[in-house]
Amino acid sequence: MCIVAIGEPLLEFSNIKTEQGDNVYLPGFGGDTSNFIVAAARQGASTAYFTHIGADAFGDLFLDLWRREGVDVSYVVRSQDAHTGMYFITYTESGHQFTYMRKGSAASKMKPEDVPESLIKKAKILHVSGISQAISESACDAVFHAINIAKKNDVIVTYDPNLRLKLWGLDRARAVIHATAAMADIFFPSQEDVQQLTGLTEPDSLVDYYHSLGIKTILLKLGSKGVLVSDGKSRKLIPGLKVDTVDQSGAGDTFDGAFCAQYLKGYGIFESAEYANAAAALSTMGHGAVTPIPYRKDTEVFLDSLSK
């Protein structure tokens, strides 16, 4: 098994206007680590996902999704007494507005003793996120336990803080995220998130700060401006790519998943970031977090077109 992710899937409902002018909610899939694992799978990586979902219709939809994408679901647990989480997206002139219905979700009830040690031991990469830590204290402890298993077995740990201050206070978020980042081998923050965590503003200053915590590889996502990549010795800005953007939901998760898939193919961090940058750009060209995630052939064709 190459790439394993742990986290919380959420069924997504996106508010769109039909040709007749009606507002409807289009169902889809979300949850940052679920988006990540689908992105990695679509780039050809061997993948597995660990989570708890409800024994409900939404949980069935997720299992169908992961199986279609070739994700190993052997370690997904169905809960009889907790539901699969969901969220609603409303698009406004000021940006996305999210309404969550995730309190008491099955994933939030994950505990350290639930973490499948055998799965993590045979992975090449373990991917975790700050959202998985924010949804409950027990889920936070489960993430740390998973990281400790990975570190003991020479498994690469990748981490995206995905700061959500509606889930936890800034002080706790800062303490947990920085402690986790210091344990990670590869760190995938967005500029906006780490600006809130540190009070710093300039990309180079942010990268310097996180290297000072002991993080070896940092990919600072700058939105439409691209990504600043650093291994502590070399640093490179990979510019953003212009596409017809419709919805940026899940673009950061697509970047993370595509990077990990490419990295495990033996490419360096800068080449992997260029590939992931292209995949993330393509993922913004449709509605929802998962549906627009490109497959490897789409990403390669897009990259080829850029070189002509």
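Everything discussed here concerns the structure shown above.
Residues numbered from 1 in each chain as written. Predicted model: local features only at pLDDT ≥ 70, side-chain atom pairs only at ≥ 80, totals over all residues. Heavy atoms only, no water.

**Points about the overall build of the protein chain**
Okay, so step 1: Looking only at helices and strands, one finds 11 helices and 14 strands in the protein chain.
Okay, so step 2: The globule rule puts the C-alpha radius of gyration for 308 residues at 19 Å, and the 18 Å found for the protein chain is close to it.
Okay, so step 3: Expressed along its principal axes, the backbone C-alpha trace of the protein chain runs to roughly 50 × 50 × 35 Å.
Okay, so step 4: A burial count over the protein chain gives 54% of its 308 residues as buried.
Okay, so step 5: In the structure as shown, the protein chain presents an accessible area of about 13,300 Å², 50% of it carried by carbon and sulfur atoms. (Helix = DSSP H or I, 4+ residues; strand = E, 2+ residues; numbered from the N terminus. Rg over C-alpha atoms; globule rule 2.2 N^0.38 Å. Buried < 20%, exposed > 50% of the residue type's maximum accessible area, 1.4 Å probe, protein only. Areas by Shrake-Rupley, 256 points an atom, 1.4 Å probe, with all protein chains shown as cover.)

**Brief notes about the pairing of strand 3 (residues 23-30)**
Okay, so step 1: When strand 2 (residues 10-17) meets strand 3, the two strands line up antiparallel, connected through eight bridges. Following the sheet pairing, asparagine 15 is matched in strand 3 by tyrosine 25.
Okay, so step 2: Between strand 2 and strand 3, which pair antiparallel in sequence order, lie five residues; one of them, glycine 21, sits at a positive phi of approximately 90°. (Pairing = 2+ DSSP bridges.)

**Let's talk about unusual backbone geometry**
Okay, so step 1: One non-glycine residue, aspartate 154, lies in the positive phi region at around 55°.
Okay, so step 2: Inspection of the secondary structure puts aspartate 154 in the loop between helix 5 (137-152) and strand 10 (156-160).
Okay, so step 3: Assessed through its relative accessible area of 73%, aspartate 154 is described here as exposed.
Okay, so step 4: For asparagine 162, which is not glycine, the phi torsion reads 35° and is therefore positive.

**Here we look at the side chain of serine 283**
Okay, so step 1: In this structure, serine 283 sits in the loop between helix 10 (269-282) and helix 11 (296-306).
Okay, so step 2: Polar side-chain contacts of serine 283 include one of 2.6 Å to the backbone oxygen of alanine 280.
Okay, so step 3: Ignoring sequence-local partners within four residues, the contact set of serine 283 consists of Asp247, Ala251, Thr254, Pro292, Ile293 and Pro294. (Polar contact = N/O pair within 3.5 Å; in protein donor to acceptor, adjacent residues only side chain to side chain. Contact = heavy atoms within 4.5 Å.)

**Quick word on the sheet that holds strand 10**
Okay, so step 1: An order of 4-1-9-10-11-12-13-14 is seen for the eight strands of this open sheet, with the pairing classed as mixed. The outermost strands of the open sheet, each flanked by one partner alone, are strand 4 (47-50) and strand 14 (235-238).
Okay, so step 2: Across the face of the sheet, helix 8 (residues 203-212) comes into contact with strand 11 (186-187), strand 12 (217-221), strand 13 (227-230) and strand 14 while running at roughly 150° to strand 12. (Axes fitted to C-alpha atoms, helices over the stretch in contact; angles between N-to-C directions.)

**Some points on helix 9 (residues 251-263)**
Okay, so step 1: The terminal C-alpha atoms of helix 9 lie 18 Å apart, and with 13 residues this matches the ideal 18 Å at 1.5 Å per residue to within 8%.
Okay, so step 2: Of all the 13 residues making up helix 9, 11 are buried; the element is thus mostly covered by neighbouring parts of the structure.
Okay, so step 3: Within helix 9, the full set of buried residues consists of Ala251, Asp253, Thr254, Phe255, Asp256, Gly257, Ala258, Phe259, Cys260, Ala261 and Gln262. (Expected span 1.5 Å × (residues − 1).)

**Some words on the packing of aromatic side chains**
For any pair of aromatic rings, the description rests on two quantities: the centre-to-centre distance and the angle between the ring planes.
Okay, so step 1: Under the definition given, this model contains 13 aromatic pairs.
Okay, so step 2: Plain terms: the ring middles of tyrosine 159 and phenylalanine 187 are 6.0 Å apart, the flat faces sit at 20° to each other, and that makes the pair stacked. One end of the pair, tyrosine 159, is in strand 10; the other, phenylalanine 187, is in strand 11, and 28 residues separate them in sequence.
Okay, so step 3: Take tyrosine 159: its relative accessible area is 0%, and that puts it in the buried class.
Okay, so step 4: A relative accessible area of 0% places phenylalanine 187 in the buried class.
Okay, so step 5: An aromatic cluster is present here, built from Phe13, Tyr25, Phe58 and Phe88 joined pairwise through their rings. (Phe/Tyr/Trp six-rings, centres within 6.5 Å; stacked < 30°, edge-to-face > 60°.)

**Brief notes about the packing of helix 6 (residues 170-183) against helix 7 (residues 191-198)**
Between two packed helices, both the angle of their axes relative to each other and the distance between the axes serve to describe the pair.
Okay, so step 1: At a minimum axis distance of 10 Å, the contact between helix 6 and helix 7 shows a crossing angle of 110°. It follows that helix 6 is roughly perpendicular to helix 7 by the angle criterion. Considering only the axes of helix 6 and helix 7, their crossing is left-handed. The segment helix 6 lies against helix 7, with Leu170, Ala173, Arg174, Ile177 and His178 engaging Gln196, Leu197 and Thr198. (Parallel < 35°, antiparallel > 145°, perpendicular 65-115°, else oblique. Left-handed = near helix turned anticlockwise from the far one by under 90°.)

**Digging into the pattern of salt bridges**
Okay, so step 1: Applying the stated criterion to the full structure yields 13 salt bridges.
Okay, so step 2: Put simply, lysine 111 and aspartate 114 hold a salt bridge, and the shortest N to O gap is 3.6 Å.
Okay, so step 3: On the basis of relative accessible area, aspartate 114 is assigned to the partly exposed category, the value being 24%.
Okay, so step 4: We note a salt bridge from glutamate 300 to arginine 296, for which the minimum N-O separation is 3.2 Å. With a gap of four residues between them, glutamate 300 and arginine 296 both fall in helix 11, about one helical turn apart.
Okay, so step 5: Through salt bridges with shared partners, one network takes in Asp160, Lys221 and Asp256. (Salt bridge = Lys/Arg side-chain N within 4 Å of Asp/Glu carboxyl O.)

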